[in-house]
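Fold and geometry: a report
Next come the chains, spelled out residue by residue.
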Amino acid sequence: MLTNYVKIAFKVFLRRKFFTLISLFGISFTLVVLMVAAAMLDHMFAAMPPEVNLGRTVGIVRASIFGEGSSWSSSAGYRLLDQCARNLPGAERMSIYSRPQTVYSYPGGNKVLIDLKLTDGDFWRILQFDFLEGAPYTAQDVDDSWFVAVITETTRARLLGGGPATGRTVEVDGQRFRVAGVVRDVPLHRPVPYAEMWAPITTAKSDSYKTELIGSFNALVLARDRSAIPSMKEEFRARLARVELPDPKQFSTLVAPLESFFDQAARSTFSSNRDENSHSEMLWAAIIGSALLFMLLPTVNLVNLNVSRIMERASEIGVRKAFGASSRTLVGQFIVENLMLTLVGGVVGFAVSVLVLRAITASGMVPYANLTVNVRIFLYGLALAVFFGVFSGVYPAWRMSRLNPVAALKGASR
């Protein structure tokens, strides 16, 4: 029976080319937009190198102290992280690293801007970078304040003109560093690993950062497993409560959430610095709601097109009913037609999405991004195509099942 449905569907598509093309365009366009958006969200939040352990990684990126009439909010200070985030129960490793800071280099007299991040040795043990040459600097290098660095492949080309870089020297921000390794470029939308150059935290021009409660540092904590994260958060909050604030008369409360990076994105969108809850469910609701809202209009248009197709085919339906075709058979045929149409539209949308993502990557619109369609995105697209096919076919199929054979043969519906 399914084979017969498919044969009939092909005949209908060829006979009604206008409806077929209009439907394919609407389905394909909607899927292109949704799949491109899904791909970008996937590349922002999903686990992928160098953040391969994202499911059991949490971090601290903001710290706020406030009191009645006073507040101070920024990244955490090194002292706060060193005092409160080390050796948490259930933690496998912990790293402290700085926010990227733009510094200058003058190779051959040309001014080059570099995003530099200062890190400790465990940064390279939590994150799994793809090294093209050399290796990361070690915890011992950090302790010994060696002026060594890891650079990206693009930085290698900009500062050294390409070629092997390991062992060579680069001068950045008035300091000379020996290149220990070169990694693939890291996209800007992955803020934890992102930089164009990394150097030991102990190479900072001043050690005043060690006394700061609020400053320019973040922490990355790798749990032994996901189940350990709640106890880590509880212990971290308890330690924060014991921190001595700089001016108890001016500041009375310290907030520095230990949370996932999706939670951090939700906090920056929906929460204030004083709120300990990230409201990640609101970000999920916004993402899902936006997708459903965007899908609503083309789905309604497709439903209307399908109803028009049914009305146009009223006489054909009437003849088939008069010769004994059941409502169930006709409904099954129409849903198969609609699924085939949306799956073809999905294939077209998938192909166009690949081209659009390649164009975005090539344009440099998102620095160092390498946007691709992976298995997850393909499954998202397939699910969306099936959703279109079923949802937009249910009501028209129900209308078809209620057509009166006599009225249908006269070209009118009951």
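Residues numbered from 1 in each chain as written. Predicted model: local features only at pLDDT ≥ 70, side-chain atom pairs only at ≥ 80, totals over all residues. Heavy atoms only, no water.

1. Section: unusual backbone geometry
- Cis geometry is adopted by the peptide bond preceding P50, which originates at P49 and carries an omega value of 5 degrees.
- In this fold, P50 is placed in the loop between α2 (17-45) and β1 (57-60).
- Positioned with a positive phi, S145 is a non-glycine residue whose angle comes to about 60 degrees.
- Within the secondary structure, S145 sits in the loop between α5 (139-143) and β8 (148-152).
- A residue is classified by how much of its surface remains accessible, and S145, at 32% relative accessible area, is partly exposed.
- One non-glycine residue with positive phi stands out, namely Y368, at about 65 degrees.
- Structurally, Y368 is set in the loop between α11 (327-363) and α12 (375-401). (Helix = DSSP H or I, 4+ residues; strand = E, 2+ residues; numbered from the N terminus. Buried < 20%, exposed > 50% of the residue type's maximum accessible area, 1.4 Å probe, protein only.)

2. Observations regarding the packing of aromatic side chains
- Applying the stated criterion across every chain, the model contains 16 aromatic pairs.
- The interplanar angle of 35 degrees and the centroid separation of 6.0 Å between the aromatic rings of F123 and F129 together place this pair among those described as tilted.
- A residue is classified by how much of its surface remains accessible, and F129, at 12% relative accessible area, is buried. (Phe/Tyr/Trp six-rings, centres within 6.5 Å; stacked < 30°, edge-to-face > 60°.)

3. Things to note about the pairing of strand β10 (residues 175-183)
- Of all the nine residues making up β10, seven are buried; the element is thus mostly covered by neighbouring parts of the structure.
- Both strand β7 (residues 131-134) and β10 contribute to a ladder of three bridges, which runs antiparallel. Each residue of the ladder has a partner; that of F131, found in β10, is V183.
- In this sheet, β10 lies alongside β8 in parallel orientation, the contact comprising five bridges. Residue I151 lies in a different strand from β10, and its bridge partner there is V182. (Pairing = 2+ DSSP bridges.)

4. Here we look at the side chain of S95
- Summarising the element assignment, S95 is placed in strand β4 (residues 91-98).
- A residue is classified by how much of its surface remains accessible, and S95, at 0% relative accessible area, is buried.
- Of note is the side chain of S95, whose polar atom sits 3.4 Å from the backbone nitrogen of F123.
- Beyond its immediate chain neighbours, meaning those up to four positions away, S95 contacts D120, D122, F123, I126, N218, A219 and L220. (Polar contact = N/O pair within 3.5 Å; in protein donor to acceptor, adjacent residues only side chain to side chain. Contact = heavy atoms within 4.5 Å.)

5. Points about a nonpolar patch on the surface
- Together, L343, V375, F378, L379, L382, V386, V390 and V394 make up a nonpolar patch on the protein surface, roughly 660 Å² of accessible area in all.
- Along the chain, the position of L379 falls in helix α12.
- Taking the relative accessible area as the measure of exposure, L379 reaches 47% and is therefore partly exposed. (Patch = residues over 30% accessible without salt bridge, like charges linked within 9 Å, V, L, I, M, F, W, Y side chains within 5 Å. Areas by Shrake-Rupley, 256 points an atom, 1.4 Å probe, with all protein chains shown as cover. Salt bridge = Lys/Arg side-chain N within 4 Å of Asp/Glu carboxyl O.)

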